Amino acid sequence: MVERRFNIKNIIYGVLFVSIIIFSFVWTSQKEGYFVDELFSYGLSNSYYVPFIQQKGEYINTYHSGEEIFQYLTVSDEDAFQFGSVWYNQSQDVHPPFYYALIHLVSSVFKETISPWIGIGVNYVFYILSMFLFFSIAKELCYEKRYAIIASVFFGISVGTINCLMFIRMYMMLLFWILLYTRMMIGFFKQERPLTKKHYIFICLVIICGFLTHYHFIIPAVILSGLYVMYLQLNKKTKDILYYVITCVAAAIGTQLIFGASFKHIFYGYRGVEAFDNAMNESVFARVGKMWGFVDQQLFGGCFWVIAISIIVAVVYICFKHRKEISLKKELENEALAGRDPISIIRWSIGITTLISFVLISKTAAYITARYLFGIYPLIILTVVFVIDYIDKYFKHRCMKYIVSILLMIGVILSYTVQEEPSYLYEDNAVVPNIIEEKYAGTNAIYVTDISYQYVSDSYALSMHDEIYIADYKTIDNLSWFDKDNQILLYVNEGALDPDNLESVNTIEDYISYAKNAGYSSCQYIGNTEFSVVYVLTRAE
């Protein structure tokens, strides 16, 4: 009978897991366009010792081939598995190299291919592993095991997690390392015997991998480690503290040996400088409020406080309605204070880590955007579920399970209703490339710009052209660079139309006038990319 129940339970878990994967695939299969940072993920991973395409020889007022841009985004036979190039490119950027190395690895297998599935495929590996880790953590720390299942489904299908999965950056990989480190620390909190050499080696490896995926890993890792050291101190395990600190120092040295540019990135790179400036100058309350708005929208459908108040009202009602049946289990608190309930101590440690990490990331993030919080989304979900589980443990009543389940699922549904769809589909960004691929592949193009990095945002579309002339908006007064072509495409970058940023201003009407002066009788608008407006210029036959 026990074995049969075990098999049924595993079948249910398997069905839930497959359902979550199918649900995520429904969204990821719809991704078409790219955000500029996603194209940088491909370029920095695959360009052979050229981190930024605008640094390759003369950039402005010169001709560039579409093949040159295509090679920036993909891997050729000659450049496959050149991980030294990845290390070099990232030393010139602001992020560590591990995620880019994986993108390069997959791109080296699928040579000369531009596809969102290269990046999403890497993310899926960490998404699946993260779901197993999340369930493992929730199952071990929830007194009511049903909450572990609820929390895991909530994590797997929330808009926030799907956003993280679809965004072709290192955040899903970061989320995995944070969860793995958390799972590892849970085991150490519960460990009564001294840690072995294998444990310390594992700690060292996880810290190195997490740090060299994204520098934000160090924030929750340091906080949770500090709480663990305090726990060891309370239990007078001085030798264990010494070994743990030595291991962390060894990991720090290891990160420098593997990727020496990380120190420069953090303390002297422009992202590091921005983080310190934000920490010193920005209002903590304003930033925390805005960043919490992303969490509320993407995890709770903008109804976090409604859900929280509803649970409080339910607790009050149950206490009043069934006051004779309810047993307040205050011995749990006494056990936790006495150190006899490591589960409570671990849950408090995760909650404190989540809170402090959220505030620090919100305060130091380069931009007020959800992506910087992706790594701690599972910790936020766990903390909320721990609070609910704690309430349920004190006020034992079956109604709580149904109330919580319904409210959390309402939160997930509303998160899709409020946001309508996950953020990183970028269907609009695919419109122009699809038109070019269908009608204008192999034509020449003129690209008018004032901001070099935005050139990369159009790199996918530009790679389909035969030749592209990059024109400086300050000196442009004609469009005669392809005077023998009957048809070309004109890209005008948004910066070249912004009067607040220009010494001399050209309007769209000016560019149309330049086109007519160059002999183009027709100027047809075909669409907007992320940063540019695109026209087809045609000469009269």
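Quick caveat, the model's predicted, so the values are computed rather than measured.

Caption draft 1: How the structure looks around the pairing of strand β6 (residues 532-539). Counting buried residues along β6, seven of its eight residues qualify, which places the element largely inside the surrounding structure. In this structure, strand β4 (residues 487-493) lies alongside β6, joined through seven bridges in antiparallel fashion. Considered in β6, the bridge of N493 is made with S532. Sheet topology places strand β5 (residues 520-528) next to β6; seven bridges connect them, and they run antiparallel.

Caption draft 2: View of the packing of aromatic side chains. Inspection of every chain in the model, using the stated rule, returns 44 aromatic pairs. In textbook terms, an aromatic cluster arises when at least three aromatic residues are bridged by ring pairs, as seen for F35, F167, Y171, Y372, F374, Y377, Y424 and Y426. Over the ring of Y372 we find R371, and its NZ or CZ is 5.8 Å from the ring centre. One Lys or Arg, R539, reaches over the ring of Y520 and ends 4.1 Å from the middle of that ring.

Caption draft 3: Inspection of the pattern of salt bridges at higher detail. Applying the stated rule across the entire model yields four salt bridges. Ionic pairing is found between E38 and K31, a salt bridge with its closest N-O pair at 2.9 Å. The partner of R371 in a salt bridge is D37, with the nearest N and O atoms 2.7 Å apart. Residue R371 is located in the loop between α18 (342-364) and α19 (377-394), and its partner D37 is located in helix α2 (residues 36-46); the two are separated by 334 residues in the primary sequence. Overall, the relative accessible area of 9% leaves R371 in the buried class. A residue is classified by how much of its surface remains accessible, and D37, at 18% relative accessible area, is buried. Where salt bridges share partners, they join E140, R183 and K190 into one cluster.

What counts as what
- Residues numbered from 1 in each chain as written.
- Predicted model: local features only at pLDDT ≥ 70, side-chain atom pairs only at ≥ 80, totals over all residues.
- Heavy atoms only, no water.
- Buried < 20%, exposed > 50% of the residue type's maximum accessible area, 1.4 Å probe, protein only.
- Helix = DSSP H or I, 4+ residues; strand = E, 2+ residues; numbered from the N terminus.
- Pairing = 2+ DSSP bridges.
- Phe/Tyr/Trp six-rings, centres within 6.5 Å; stacked < 30°, edge-to-face > 60°.
- Lys NZ or Arg CZ within 6 Å of the ring centre and 35° of its normal.
- Salt bridge = Lys/Arg side-chain N within 4 Å of Asp/Glu carboxyl O.

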